[in-house]
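Fold and geometry: a report
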Amino acid sequence: MKIAIGNDHAGTGYKKKVVDYLKNKGIEVINYGTNSDDSVDYPDFVHPVADDVENQKVDFGIIICGSGNGANMTANKHQGVRSALCWTGEITKLAREHNNANVLSIPARFVSEHQAVDMVKIFLETSFEGGRHQKRVNKIPVEN
């Protein structure tokens, strides 16, 4: 499995914990995020993650910013991305089961680092249910 991860300054510590967890599981990680706490613009670090997910260069993406909203909005501009802003394990599980989310957006200022790692674990271990949810997921992309 290969994961792309991106974060702004609010998510640097979280990213380090998530990357350690992923690497301990033998998962390859592509780091597009900042490694500093200096203020940066989240789209600069989220677009590369979303590009990799959309072009199927990775299995999933993980993005982290202060509220999770800006990163989530940025990622969802990509047609092949279904990014889910999650702040509990239950929401994370449903995002995978019902929405086939392929990017997890974590709000660093609203969850602990431990919760973030737990959500990553749930995200990666949960499968899409398909069935009645598939037709809804098929309607998400905008047709041009």
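Please read these numbers as outputs of a predicted model, since none were measured by experiment.

1. Focus: the sheet that holds strand 2 (residues 28–31)
- Overall, parallel pairing links the 5 strands, which are arranged 2-1-3-5-4 in an open sheet. The sheet terminates laterally at strand 2 and strand 4 (83–85), the two strands that pair on one side only. Ignoring which end each strand starts from, the neighbouring axes of this sheet average 20° apart.
- Note: strand 4 against strand 5 (residues 103–107), 3 bridges, orientation parallel. By the bridge assignment, Ala84 is partnered in strand 5 with Leu104.
- The strands touched by helix 5 (residues 113–125) within the sheet are strand 1 (2–7), strand 3 (60–65) and strand 5, with strand 5 carrying the most contacts at an inclination of about 165°.

The rules behind each value
Residues numbered from 1 in each chain as written. Predicted model: local features only at pLDDT ≥ 70, side-chain atom pairs only at ≥ 80, totals over all residues. Heavy atoms only, no water. Pairing = 2+ DSSP bridges. Helix = DSSP H or I, 4+ residues; strand = E, 2+ residues; numbered from the N terminus. Axes fitted to C-alpha atoms, helices over the stretch in contact; angles between N-to-C directions. Contact = heavy atoms within 4.5 Å.

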